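The chain contents come next:
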Amino acid sequence: MIISMKLHSTRQEIEQVCERIRDFGYKIHAIEGEERVVIGVVGVGDVTQCLESIEAMPQVESAVRISAPYKFVSREFRHEKSQIRVNGHEIGGDQFIVMAGPCSVESEKQIMQAAEGVAKAGAHLLRGGAFKPRTSPYDFQGLETEGLKLLAQAKRETGLGIITEVMSDRDVDLVSEYADVLQIGARNMQNFALLKALGRSSRAVLLKRGMSSTIKELLMSAEYVVAHGNPNVILCERGIRTFETYTRNTCDIAAIPALGELTHLPVILDPSHATGRRSLIAPLSRAGVAIGADGLIVEVHPAPEKAMSDGAQSLNLIQFQQMMNDLEPYIQLWKHSRVTEAVAAV
Ligand code: PEP
Ligand code: MN
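Notes on the structure follow. A quick note: this is a predicted structure, and the numbers were derived from the prediction, not measured.

## Looking at the sheet that holds strand S7 (residues 97–101)
Backbone hydrogen bonds are what pair the strands of a sheet, in a parallel or an antiparallel way.
Here is step 1: Reading around the barrel, the eight strands line up as S7-S8-S9-S10-S11-S12-S13-S14 and close back on themselves, with parallel pairing between neighbours. Between one strand axis and the next, the sheet turns by 25 degrees as a mean value, whatever way the strands run.

## Re the packing of helix H10 (residues 281–291) against helix H11 (residues 317–345)
Here is step 1: Running from amino to carboxyl end, H10 crosses H11 at an angle of 15 degrees, the nearest separation of the two axes being 9 Å. The pairing of H10 with H11 is recorded here as roughly parallel in orientation. You can see that H10 and H11 cross each other, and the crossing is right-handed. Each of Ile281, Ala282, Ser285, Arg286 and Val289 in H10 lies in contact with H11, whose residues at this interface are Met323, Leu327, Tyr330, Ile331 and Trp334.
Here is step 2: Split by residue class, the contact of H10 with H11 holds eight nonpolar, one polar and one charged.

## Some details on unusual backbone geometry
Here is step 1: For His8, which is not a glycine, the phi torsion comes out positive at approximately 55 degrees.
Here is step 2: With respect to the secondary-structure elements, His8 resides in the loop between strand S1 (2–5) and helix H1 (11–23).
Here is step 3: Positive phi outside glycine occurs at Asn87, with the angle close to 50 degrees.
Here is step 4: Mapping Asn87 onto the fold places it in the loop between strand S5 (84–86) and strand S6 (89–91).

## Considerations on the site of ligand 1
Here is step 1: As a matter of local geometry, ligand 1 sits amid 13 residues, with Arg127, Gln183, Ala186, Lys208 and Arg238 nearest to it.
Here is step 2: A distance of 2.9 Å separates an oxygen atom of ligand 1 from a polar atom in the side chain of Gln183.
Here is step 3: Between ligand 1 and Lys208, the relevant distance is 2.9 Å, taken from an oxygen atom to a side-chain nitrogen or oxygen of the residue.
Here is step 4: Coverage of ligand 1 by the protein amounts to 97% of the 290 Å² it exposes when considered alone.
Here is step 5: Of the residues contributing to the shell around ligand 1, the split by class is three nonpolar, three polar and seven charged.

## Re helix H6 (residues 192–199)
Here is step 1: By the burial criterion, the buried members of H6 are Leu194, Leu195, Ala197, Leu198 and Gly199.
Here is step 2: Its buried side turned inward, H6 meets helix H5 (172–176), strand S10 (181–184), strand S11 (204–208) and helix H7 (215–227).

## Things to note about the coordination of the manganese ion (ligand 2)
Here is step 1: On the protein side, the manganese ion (ligand 2) has Cys103 (SG), His273 (NE2), Glu299 (OE) and Asp310 (OD) as donor atoms, found 2.1 to 2.4 Å from it.
Here is step 2: Sequence spacing of the donors to the manganese ion (ligand 2): C-x169-H-x25-E-x10-D. A residue pair is termed long-range when its members are at least 10 positions apart, and Cys103 in the loop between S7 and helix H3 (108–120) and Glu299 in strand S14 (residues 295–299) qualify at 196 residues. You'll find Cys103 and Glu299 in the same group, each marked buried.

## Quick look at the sheet that holds strand S4 (residues 60–64)
Here is step 1: Taken in spatial order, the four strands line up as S2-S3-S1-S4 in an open sheet, and their pairing is antiparallel. If you trace the sheet from one side to the other, it starts and ends with strand S2 (27–32) and S4, each paired once. Looking at each pair of strands side by side, their axes are set apart by 20 degrees on average, direction ignored.
Here is step 2: Of the strand pairs in this sheet, S1 and strand S3 (residues 38–42) are connected by three bridges, and their pairing is antiparallel. Bridge pairing in S3 links Ile2 to Gly40.
Here is step 3: Strands S1 and S4 of the sheet are contacted by helix H2 (residues 47–55), whose axis makes an angle of about 170 degrees with S4.

## Re the packing of aromatic side chains
Here is step 1: The tally for this structure, following the rule as stated, stands at three aromatic pairs.
Here is step 2: A ring pair is formed by Phe72 and Phe77, whose centres lie 5.2 Å apart and whose planes are at 75 degrees; its orientation type is edge-to-face.
Here is step 3: The lysine or arginine in question, Arg277, covers the ring of Tyr246, its NZ or CZ lying 3.6 Å from the ring centre.

About the cut-offs
Sequence order sets the numbering: in each chain, residues are counted from 1 along the sequence as written. Here every chain gets a letter starting at A, and every ligand a number starting at 1, in the order they are written. Confidence filtering applies because this is a predicted model: local features only for residues at pLDDT of at least 70, side-chain atom pairs given and counted only at 80 or more, and all residues used for totals across whole chains, interfaces and linings. Based on all heavy atoms of the structure, the side-chain values leave hydrogens and waters out of the count. Note on pairing: DSSP must find at least two bridges between two strands before they are called paired. For the purposes of this entry, the term helix denotes a DSSP run of H or I that reaches at least four residues, the term strand denotes a run of E that reaches at least two, and both are numbered from the N terminus. Helix axes are fitted to C-alpha atoms over the stretch in contact, other axes to C-alpha atoms as well, and angles between N-to-C directions run from 0 to 180 degrees. Throughout this description, any angle smaller than 35 degrees is read as roughly parallel, any larger than 145 degrees as roughly antiparallel, any in the 65 to 115 degree range as roughly perpendicular, and the remainder as oblique. In this scheme, a crossing is called left-handed if the near helix is turned counterclockwise away from the far one by less than a right angle; it is called right-handed if the turn is clockwise. Contacts are assigned to residue pairs that have any heavy atoms within 4.5 Å of one another. Residue type decides the class: Asp, Glu, Lys and Arg count as charged, Ala, Val, Leu, Ile, Met, Phe, Trp, Tyr, Cys and Pro as nonpolar, and the leftover types, Gly among them, as polar. Definition of nearness: a residue and a molecule or strand are near each other if at least one heavy atom of the residue lies within 4 Å of the molecule or strand. Each polar contact in these results corresponds to two N or O atoms within 3.5 Å; when the atoms are within protein, one needs to be able to donate a hydrogen and the other to accept it, and residues that are neighboring in sequence are counted only if both atoms are side-chain atoms. Accessible surface is estimated by sampling points in the Shrake-Rupley manner with a 1.4 Å probe; for residues, cover comes only from the protein chains shown. The buried label goes to any residue with under 20% of its type's maximum accessible area, the exposed label to any with over 50%, and the partly exposed label to all in between, with areas taken from a 1.4 Å probe on protein chains only. For Na, K and Ca the donor cut-off is 3.2 Å, and for all other metals it is 2.8 Å, counting N, O and S atoms only; because water is absent from this set, sites may look incomplete. Each Phe, Tyr or Trp ring (for Trp, its six-membered ring) is paired with any other whose centre lies within 6.5 Å, and the angle between the two planes then decides the class: stacked below 30 degrees, edge-to-face above 60, tilted in between. The rule is short: NZ of Lys or CZ of Arg within 6 Å of the ring centre and within 35 degrees of the ring normal puts a charge over the ring.

In structure tokens:
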């Protein structure tokens with residue numbers, strides 16, 4: 001249930017409503033807004049009776065039942081898009097955000113070259129995996145803590161915020177010491193112990209769509225994080241598994257505007273994992289801008305032919321710079337339509 005209070009209701013009035021809600025056996029889960037307070041309510045009980053009782057309170061503007069199974073991340077709960085602040089940038093706002101860097105952190109030289117190159121080309125955040133989820137146990141598993149330290153060094157020297165993967169609930173505190181955004185990989189989208197631990201974290205979370213997950217399942221996973229206390233979730237379309245084999249995954253490009261209809265959370269596109277092919281990254285990125293994604297996460301390596309993971313889907317620094325230049329006119333159009341949408345929404 002979502003309860004909207006009348007404008008400028010007092011603390012005492014809000015508390016009276018919360019008390020009535022608790023009397024019905026429900027839990028208060030979020031209180032939003034400054035001018036108009038919106039109370040989120042979850043639990044099991046007699047919804048109809050509770051709604052009627054709350055609606056009859058004079059300080060309440062409206063009380064509605066949210067039909068979506070994902071409550072707090074739904075557009076029903078919050079009509080305006082959410083903006084998530086990360087290292088001085090706002091994701092989901094009027095800036096198109098680009099996260100770029102290698103699949104894995106491999107060495108000091110590699111990550112520093114990557115960081116300097118992507119910063120120069122206009123990226124806003126540096127990506128790089130220190131804990132790597134690999135299909136084969138014999139493949140490179142990441143530099144772990146040493147990799148995190150190298151990312152911190154890259155941040156100090158370039159000012160770029162850091163996004164890096166966390167694979168286990170046991171590592172959330174460790175990775176949070178170094179990362180501005182905690183990346184949850186496709187393979188862990190439904191690791192519920194991890195999602196709950198992220199709910200207790202103060203870091204923003206990038207939740208990647210599982211390779212066999214529906215849009216609804218992605219939203220339910222986001223709901224886990226938000227319901228456990230962390231509202232700062234960014235979603236990522238990274239391709240799903242289909243019968244097609246030419247591309248590593250099939251990019252479900254329509255998921256981006258579909259998610260825009262269903263949720264207020266920002267949505268970004270990963271053209272690298274969605275295609276597995278370097279040649280397809282720039283055209284897919286253009287499509288991502290055109291379709292209204294909030295940003296991109298792109299694999300970029302100073303020497304992709306030597307990469308320890310995902311070299312075939314990584315751009316080199318020159319290619320990345322070229323792509324950023326080529327995207328610029330599209331990003332200008334994107335900004336224009338953001339302003340138009342914002343005006344229309346008022
Ligand atoms: C990655 O970003 O390097 C990665 C492993 O992505 P995904 O979880 O989408 O496969
Ligand atoms: Mn990768």
